[in-house]
There are 2 protein chains.
Amino acid sequence: MIYRLNETHDVRLRSWVESANAHGTDFPIQNLPYGVFRRRGSIEDFRIGVAIGAQILDLRKAYAAGVFDDADNLTLAAIEACRSATLNALMALGSEAWQALRLALSRLLRDTSPAQVHLRQALLPQDEAEYTLPMTIGDYTDFYTSIHHATAVGKLFRPDAPLLPNYKWVPIGYHGRVSSIGVSGQQFRRPLGQTKSPERETPVWGPSKRLDFELEVGIVIGTGNALGEPVSIDDAESRIFGLCLLNDWSARDVQAWEYQPLGPFLAKNFATTVSPWIVTLDALTPYRVPFERPESDPAPLPYLDSPSVRSAGSIDVDLEVLIETARMQAENHGPERLARSNFRHSYWTAGQLVTHHTAGGCNLREGDLLGSGTQSGPQPNEAGSLLELTSGGRKPIVLANGEQRVFIEDGDTIVLRAWAEKAGFARIGFGEARGTVLAATHDASTSSTASAAAESKT
Amino acid sequence: MIYRLNETHDVRLRSWVESANAHGTDFPIQNLPYGVFRRRGSIEDFRIGVAIGAQILDLRKAYAAGVFDDADNLTLAAIEACRSATLNALMALGSEAWQALRLALSRLLRDTSPAQVHLRQALLPQDEAEYTLPMTIGDYTDFYTSIHHATAVGKLFRPDAPLLPNYKWVPIGYHGRVSSIGVSGQQFRRPLGQTKSPERETPVWGPSKRLDFELEVGIVIGTGNALGEPVSIDDAESRIFGLCLLNDWSARDVQAWEYQPLGPFLAKNFATTVSPWIVTLDALTPYRVPFERPESDPAPLPYLDSPSVRSAGSIDVDLEVLIETARMQAENHGPERLARSNFRHSYWTAGQLVTHHTAGGCNLREGDLLGSGTQSGPQPNEAGSLLELTSGGRKPIVLANGEQRVFIEDGDTIVLRAWAEKAGFARIGFGEARGTVLAATHDASTSSTASAAAESKT
């Protein structure tokens, strides 16, 4: 796969949507991410939109406005697929259709476009919108691609063998839970679960005391493959529609007790939060960087290796995670940053994940979601989870207002953000994935009584 | 939850569908399992049917025949939901609607029913039908509920710690892959994957050499729960629509290398085969048995315990797995039995699995599928996988025609069957879940070349 720049990436482009030209916007005309939205509080159907500056272009209205009447067949098929309430139909058309629609939208939104008179009525300000999941997700897989995270977490769970022998060979992943994936703004109760401390004989039942976030990149599959027909590494990236932010909330105490031998289960399936906007892989072309791996590490097996992976398999996306406690919210502080990292640190590329996933014969479908795994960087302050940032809960983080955190407390909001920037190109952003933890439910039959009964046995 | 017998369980009932009264049929009038079918080779829409003897009652045609015209509102809502191409709409109506429809169908199919003149045209012989998945599956979770299987497999993977400390406390489970679930008759290529033998430094890439089946019971969720609202143990069974057979095909050599620390991934996600018929939990009421656990084992934590679990939480369902090799097929042998087991050996009940799954806050949706995990019994010949039956591949099984097997070979068909029987009640069967393994794909880019290259490095 060759990553080609085209006119949509030109930094000189400006839009007739003025806010798209503002310094620091996540959504300049070079970005054009897709989401699914409606007017907040309305009972309208959800519909597909493209973020542009502080606005959303409603693609159903844009189509109805007649501005695609002269489009070629591929573009027409793409915009017609956007009359749906999810991105799946557009995804299924394949990467040429995605590129055609991107080019058409870029031209329609430029300050030179005569279409602006027809399209102004198709805009909705983002602060008047609400979002839902942009695609129907058939399966969600979470990977574990940060060697820094794997090593740091491994030290806490298995001090004797932090990095397992398979790590540098196999893109480690597991299947996650689709039903509890929500879009930014998700609120959920603190999960309950069994936990067992080393000094006790038996587990107890109750709310997790070690609730954590995981700063991840979501990889959204655009076109799938048939069962038994693996996707080659050179074809893998053409199957990816785009990237989003993903918070893989984790109950560390539940995880530690339940995860052997089949992996995390209740520790992860209570909630997963994604950002509403999918930044297309096409928009990310300028920020491609070589896939780098220490000389002393083994080369990927041939099915995961290719010249294009080596030359441009990784993507330079800055990541950051912030916290807004209930007190910060009450006092009208903005959120405070906990860590920064970068997707380029990933030990496996997005394309390698697609190829590995299908290599045994497994079929992917359009709309499937892959999580990158926590994207911790090489430095301690680049850790993508509290487990790492607090050294397993031993070193509290002191916030600017004097509050301390080892793990997430009730009322805390966690915000993930990301952006790509490069000299000579625009800065494009991902928006944010925001989620808030509520107090645990206190149903006597499943919580306090059970916990008390279990405690009384020990 | 109290398990009540009603008139639909009466062993004296006979049907006007003569084959339903034949000795040994899986589908007497006391069963009435649901599936989704159409005439084989046709391009008709798939539709919902009920198995009765050697026939299928087409519920769309039955409705159109007017035999439900005098039904009460609940029954009418249920039969109207059966005009869909999946069972999800019926499921969403809840257990009272399922019971109402079961009663109505039982009465319509009895030999005394005047409706038979209208319903004969709604029958299709099963040997003229083809099937598809009976429901849209949002998420698939596989559990690990046989302590005999867990111990036997544990010995092979971790000789030092076969049964992990959490096993008797936590119903161990993990999320599986939905996209590759197929209905009986599924054929799939032998999966490829990385494997590493202990005597090698590095892994190799190629077709799995240790391909196995897993004899499981599938638990089909009928009604789900909202995120953050756990299902109590007393409510859990009312959420289950029914049971089916499930073969969790497994590549043992891939599994051994990849499964740490996040569980099985490519080793399991290439195919999963279910039977076409869902035997309702209502049909299984007569075969309820007490949930038994050795006195020396800990009692389940309170959130997983209740008097009704103890008195009747388990279900006495006989299970069997058979093999039909390519040669047996060519020589027109029937399949040969490899093992028998019973679902009552499960260390956790179906209701406990539902409650545990939701206990942390995770939401289930109608149509979700839970696998019981391999149902090995206490005796060596009751093992539900070849891994166990051949002691990890060391002791070949000799078939009646002289062929030997340690793991599954290309062209082998594996057949799962199940039935419940009890003195004073009918014998009801599950039909079968049949799957055939084809030769691995030999795409140079992902298989032989890669394997050769990897081998040349060692």
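This one's a predicted model, so the numbers in the text were calculated from it and none came from an experiment.

Helix and strand content of chain A: 13 helices and 26 strands. Expressed as lengths along the three principal axes of its C-alpha atoms, the size of chain A is roughly 75 × 50 × 40 Å. The buried share among the 458 residues of chain A stands at 64%. For chain A, contacts bridging at least 24 residues in sequence account for 74% of all contacts bridging at least 6. The positive charge centre, built from 43 side chains, and the negative charge centre, built from 54, are 2 Å apart in chain A.

Among the structural elements, N31 of chain A can be located in the segment before β1 (34-39). When near neighbours in sequence (up to four residues on either side) are disregarded, N31 of chain A contacts D26, R102, V279, A283, I428 and G429 of chain A.

Residue and element names in this part refer to chain B. In this model, the largest pocket occupies a volume close to 1000 Å³. Taken together, 34 residues make up the lining of the largest pocket; nearest its centre are K196, S197, P198, A256 and W257. Looking at the lining of the largest pocket, the elements that each hand over two or more residues are α6 (147-157), β10 (192-195), β11 (204-207), α8 (252-258) and α13 (448-457). Approximately 650 Å³ is the volume attributed to the second largest pocket.

A few words on the nonpolar core. If you look at the biggest cluster of nonpolar residues, it comprises 154 residues, and the most contacted ones within it are L284 of chain A together with L284 of chain B. For L284 of chain B, the residues in contact, after removing those within four places along its chain, are L243, V279, I315, V317, A420, I428 and F430 of chain B. Core analysis: the second largest hydrophobic core is formed by 47 residues, A78, L90, V178 and C244 of chain A among them.

What follows is about the relation of the copies chain B and chain A. When chain B is fitted to chain A, the best match, at an RMSD of 0.0 Å, comes from turning it 180° and sliding it 0.0 Å along the axis. Taken together, the rotation and translation relating the two chain copies correspond to the operation of a two-fold axis. Nearest to the rotation axis, the C-alpha of G263 of chain B is located 2.2 Å from it, this being the minimum over chain B. When the interface residues of chain B are mapped onto chain A, 100% of them again lie at the interface, so the same face is used by both copies.

On to the sheet that holds strand β1 (residues 34-39) of chain B. In sheet architecture, strand pairing relies on hydrogen bonds along the backbone and comes in two forms, parallel and antiparallel. Residue and element names in this part refer to chain B. Overall, antiparallel pairing links the five strands, which are arranged β4-β3-β2-β1-β5 in an open sheet. Looking at the sheet topology across the chains shown, the edges are occupied by β4 (123-125) and β5 (129-132). Taken pair by pair, the neighbouring strands of this sheet meet at an average axis angle of 50°, ignoring direction. Two strands pair when backbone bridges link them, and strand β2 (residues 47-52) and strand β3 (residues 55-58) are joined in this way by four bridges, in the antiparallel orientation. Each bridged residue has a counterpart across the sheet, and for A51 the counterpart in β3 is I56. Most of the contacts of helix α4 (residues 95-109) go to β1, to which it runs at about 55°, and overall it touches β1, β2 and β3.

Another aspect to go through is the pattern of salt bridges. Residue and element names in this part refer to chain A. Per the stated rule, a full pass over the model turns up 60 salt bridges over all chains. In this structure, R107 and E7 form a salt bridge, with 2.8 Å as the shortest nitrogen-oxygen distance. Residue R107 is found in helix α4 (residues 95-109), and its partner E7 is found in the segment before β1; the two are separated by 100 residues along the sequence. Two residues, R39 and E128, come together in a salt bridge whose shortest N-O distance is 3.0 Å. In this pair, R39 is assigned in strand β1 and E128 in the loop between β4 (123-125) and β5 (129-132), connecting sequence segments 89 residues apart. Overall, the relative accessible area of 34% leaves E128 in the partly exposed class. Via salt bridges that share partners, D212, E214, D248, R252 and K268 belong to a single interconnected network.

This paragraph deals with the side chain of D26 of chain A. Residue and element names in this part refer to chain A. Here D26 is to be found in the segment before β1. Here R427 takes part through its side chain, which lies 3.1 Å from a polar atom of the side chain of D26. Once you skip the residues sitting within four places of it in the chain, D26 turns out to touch N31, R427, I428, G429, F430 and G431.

Turning our eyes to something else, we now look at the domain arrangement of chain A. Residue and element names in this part refer to chain A. Taken domain by domain, chain A holds domain 1 (7-132) and domain 2 (140-457). Counting from both sides, the interface comprises 30 residues of domain 1 and, opposite them, 28 residues of domain 2. Roughly 2300 Å² of surface becomes buried between domain 1 and domain 2 when both sides are summed, with 67% attributable to carbon and sulfur atoms. A per-residue breakdown of the area domain 1 buries against domain 2 is headed by H9, M91 and W98, which together make up 26% of the total. Viewed at the interface, domain 2 and domain 1 are joined by one salt bridge. R427 is the salt-bridge partner of D26, the closest N and O atoms lying 3.1 Å from each other. Linking domain 1 with domain 2 are nine residue pairs in polar contact (both at pLDDT 80 or more). The set of elements that each furnish at least two residues to the side of domain 1 that touches domain 2 consists of β1, β2 (47-52), α3 (88-92), α4 and β5.

This part takes up the UniProt feature "active site" (unreviewed entry) in chain A. Residue and element names in this part refer to chain A. Following the UniProt record, one finds the feature "active site" (unreviewed entry) at H149. Here H149 is to be found in helix α6 (residues 147-157). Once you skip the residues sitting within four places of it in the chain, H149 turns out to touch Y144, G154, E214, T374, S376, S385 and E388.

Residue and element names in this part refer to chain A. A complete count under the given rule lists 22 aromatic pairs over all chains for this structure. Look at Y144 and Y167: their rings are 6.1 Å apart centre to centre, the planes differ by 70°, and that puts the pair in the edge-to-face class. With Y144 in the loop between β6 (140-143) and α6 and Y167 in the loop between α6 and β7 (173-175), this pair connects stretches of sequence that are 23 residues apart. For the pair shown, Y144 and Y167 are each scored as buried. Taking 5.7 Å as the distance between ring centres and 45° as the angle between the ring planes, the aromatic pair formed by F188 and F270 counts as tilted. Of this pair, F188 sits in strand β9 (residues 186-189) while F270 sits in the loop between α8 (252-258) and β16 (272-274); the two residues are 82 residues apart in sequence, bridging distant segments of the chain. Of the aromatic side chains, those joined through ring pairs into one cluster are Y144, Y167, Y347 and W348.

In this section: the interface of chain B and chain A. Contacts between the two partners involve 65 residues from chain B and, on the opposite side, 65 residues from chain A. Among the residues of chain B in contact with chain A, H175, L262 and F265 of chain B are the three that bury the most area, contributing 13% of the side total. On inspection of chain B and its partner chain A, the count reaches four salt bridges. Note that R177 of chain A and D139 of chain B form a salt bridge whose closest N and O atoms lie 3.5 Å from each other. Counting every contact that joins chain B to chain A gives 24 residue pairs in polar contact (both at pLDDT 80 or more). Counting residues per element, the ones that place at least two in the side of chain B that touches chain A are β6 (140-143), β7 (173-175), β9 (186-189), β10, α8, α11 (350-359) and α13 of chain B. A per-element tally of the side of chain B that touches chain A places α13 of chain B first, with four residues.

Bringing the confidence of the model for chain A into the picture now. Here chain A averages 94 in pLDDT, and 96% of its residues register 70 or above. Throughout residues 444-458 of chain A the model reports pLDDT below 50, and contacts reaching past four residues in sequence, or to other chains, amount to 29 contacts.

Thresholds applied
- Residues numbered from 1 in each chain as written.
- Chains lettered and ligands numbered in written order.
- Predicted model: local features only at pLDDT ≥ 70, side-chain atom pairs only at ≥ 80, totals over all residues.
- Heavy atoms only, no water.
- Helix = DSSP H or I, 4+ residues; strand = E, 2+ residues; numbered from the N terminus.
- Buried < 20%, exposed > 50% of the residue type's maximum accessible area, 1.4 Å probe, protein only.
- Contact = heavy atoms within 4.5 Å.
- Lys, Arg positive; Asp, Glu negative; His and termini not counted.
- Charge placed at Lys NZ, Arg CZ, Asp CG, Glu CD.
- 1 Å grid on protein atoms, 1.4 Å probe; cavity = no way out; pocket = protein on both sides within 12 Å on 5 of 7 lines; lining within 4 Å.
- Points joined across faces, edges and corners; volume = space filled by probe spheres on them.
- Core = buried A, V, L, I, M, F, W, Y, C linked by side-chain atoms within 4.5 Å.
- Least-squares fit on C-alpha atoms with pLDDT ≥ 70 in both.
- Pairing = 2+ DSSP bridges.
- Axes fitted to C-alpha atoms, helices over the stretch in contact; angles between N-to-C directions.
- Salt bridge = Lys/Arg side-chain N within 4 Å of Asp/Glu carboxyl O.
- Polar contact = N/O pair within 3.5 Å; in protein donor to acceptor, adjacent residues only side chain to side chain.
- Domains from an automatic or database assignment.
- Buried area = accessible area lost by both parts, 1.4 Å probe.
- UniProt positions renumbered as here; feature names shortened; annotations may be inferred.
- Phe/Tyr/Trp six-rings, centres within 6.5 Å; stacked < 30°, edge-to-face > 60°.
- pLDDT = per-residue confidence, 0-100.

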